[in-house]
Amino acid sequence: MSFIRPLYRFPAPLLVLVMLCISSVASIAADDPRLAPGDRISYSVLGVPELDRVATIGLNGEVQVPLAGVIDAGGLTIKEHRDMVAALMIKTPFRTTGVDGAEVWQRISADLIFINVEEYRPIYLMGDVRQNGEQPYRPGITLRQAIARAGGLGQAVAPVTSELDLLSLTVDRDILAGDIGFVEATVARLEADLASISGQDNQHVELGESPEKGSVRWLSARNIERQFSRSNSELQTQQMENRLEVLNELLRSQETNLEIEQTALDRARASAERGLTPQARVTEARRAFLQVSMQMLETTGEIYDLQLDLARTSDEFERLQYAQRVELLGQIVDQSQTLDTLQKRLNALDQRIAMLGGQSLMPQVEPTYRIAIQRVGEASIETDRLDDVYLLPGDVVEVTAVFEAEVAFETQ
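Scoring rules and cut-offs
- Residues numbered from 1 in each chain as written.
- Predicted model: local features only at pLDDT ≥ 70, side-chain atom pairs only at ≥ 80, totals over all residues.
- Heavy atoms only, no water.
- Salt bridge = Lys/Arg side-chain N within 4 Å of Asp/Glu carboxyl O.
- Helix = DSSP H or I, 4+ residues; strand = E, 2+ residues; numbered from the N terminus.
- Buried < 20%, exposed > 50% of the residue type's maximum accessible area, 1.4 Å probe, protein only.
- Pairing = 2+ DSSP bridges.
- Axes fitted to C-alpha atoms, helices over the stretch in contact; angles between N-to-C directions.
- Contact = heavy atoms within 4.5 Å.
- pLDDT = per-residue confidence, 0-100.
- Expected span 1.5 Å × (residues − 1).
- Arc of directions from axis to C-beta.

(A) Fine view of the pattern of salt bridges. For the coordinates displayed, the defined rule picks out 12 salt bridges. As a salt-bridge pair, Asp83 and Lys79 come within 3.2 Å of each other at their nearest N and O atoms. Here Lys79 and Asp83 lie together in helix 2 (residues 78-89), a separation of four residues that amounts to about one turn. The class for Lys79 is partly exposed, based on a relative accessible area of 34%. Note that Arg173 and Asp350 form a salt bridge whose closest N and O atoms lie 2.8 Å from each other. In this pair, Arg173 is assigned in helix 4 (residues 163-197) and Asp350 in helix 6 (residues 279-355), connecting sequence segments 177 residues apart. For Asp350, a relative accessible area of 2% corresponds to the buried category. Put simply, Arg375, Glu378 and Asp395 are held in one network by salt bridges that share partners.

(B) Layout of the sheet that holds strand 2 (residues 40-45). Taken in spatial order, the three strands line up as 3-2-8 in an open sheet, and their pairing is antiparallel. Each edge of the open sheet carries a strand with a single partner, namely strand 3 (53-56) and strand 8 (113-119). For this sheet, the mean angle separating the axes of adjacent strands, direction not counted, is 25°. Where strand 2 and strand 8 come together, six bridges link them in antiparallel fashion. The residue bridging Val45 from the neighbouring strand is Ile113, located in strand 8.

(C) Looking closely at the side chain of Gln254. Here Gln254 lies in helix 5 (residues 213-274). The class of Gln254 is buried, set by a relative accessible area of 7%. With sequence-adjacent residues up to four places away left out, Gln254 is seen in contact with Val292, Gln295, Met296 and Thr299.

(D) Seen up close, the environment of Ser233. Here Ser233 is to be found in helix 5. Its relative accessible area of 13% is what places Ser233 among the buried residues. Between the alpha carbons of Ser233 and Ser314 there is a distance of 8.0 Å; along the sequence they are 81 residues apart. Not counting chain neighbours up to four residues away, the residues in contact with Ser233 comprise Thr313 and Phe317.

(E) Up close: the confidence of the model for the protein. Taken over all residues, the pLDDT of the protein has a mean of 77, while the share at 70 or more is 76%. Long-range and interchain partners of residues 200-214, a stretch whose pLDDT sits below 50, account for 13 contacts in this model, where long-range means more than four residues apart. Of the regions scoring below 50 in pLDDT, residues 405-412 engages in three contacts with residues more than four places distant in sequence or in other chains.

(F) Focus on helix 2. Here helix 2 contains 12 residues, and its C-alpha end-to-end distance of 16 Å stays within 8% of the 16 Å for a straight helix at 1.5 Å per residue. Restricting attention to buried positions, one finds in helix 2 the residues Ile78, His81, Arg82, Val85, Ala86 and Met89. Seen end-on, helix 2 carries its buried residues on one side only, within an arc spanning 125°.

(G) Region of the structure containing unusual backbone geometry. Positive phi, normally seen in glycine, also occurs at Leu67, with a value near 70°. Taking relative accessible area as the criterion, Leu67 reaches 29% and is therefore assigned partly exposed.

If you want it as structure tokens, here you go:
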């Protein structure tokens, strides 16, 4: 005969022990963090293994619970979730096999239900800690403890496997430093060349703190080449200006001659009208006038062409200088970006060599650290100390090293 009965199949001492365990768990769970998607919950009933289950809270905050069905667990503590689930499970009978082998319907006693967090969603550490990545969460973990588990503050580095690895890093550092020196010299030469084009006193342009003789010779050669080009342009311009002055003087002379021929033509016409001069004399005077007029026209055209050539020569020289300046500025920008990238790589390599046990190749500055804790649905927590701040599941801890130079720059 099937009937519904409470599930009391354990001796009284065992039940007392179970009650004590439940009471202890409840007291510990009073300050448990809120449940959220990603948390894994374990459900079990003493004596009924077929109801044991581990379920993960879904993105919508719901979880599938034995007997109780789908429950909204998001935002509850584990104690609140336990009370809700237990209240539903004890109302739902289930079919099981009795001692005599017959199937019976039974109800579960709340004393035999155990619900615990199997695994909280992890916390994440990023930035200037030795080991970036996620860490399993455990209730009560503090910021100081999480950073200690991540290896402490500082840049993440790979361990040195042998002295040969450290030697290889040092060689790479020397090569990189040589590349930086070459790029710095290139930038200095380009800036000196730009200053020379801009008309600055190139004899006082510095090529770094300790210029090489090759750099000085290069700049001197560039200046000589540019001065030669400028001298040729100036000489050509001077020749054209001299020729223009000669033509203007010739034009003035031709204008005087034209006035004389105009007077002679007028006189010949007047004499011819009175019959004192033959008509051939008028024709000759007119021919002389037209010849001088043609000469003036040719001279005027030559002056106009020469003025155009003079303006074009001056304009081309200015355009050449402008194009040279634009090209040099572009090269300076490109080389400066390359220099910045190489310098950052050198700084990172120096720090890595120092952290790996090698002798530091640059002055070491003790940084301060800024720590930001990003928490879903809340404002971020920021601190510059390793305070005993309690972390919650899903927290993202970002650590940033700040050196004195950076702090001074930001405060300016």
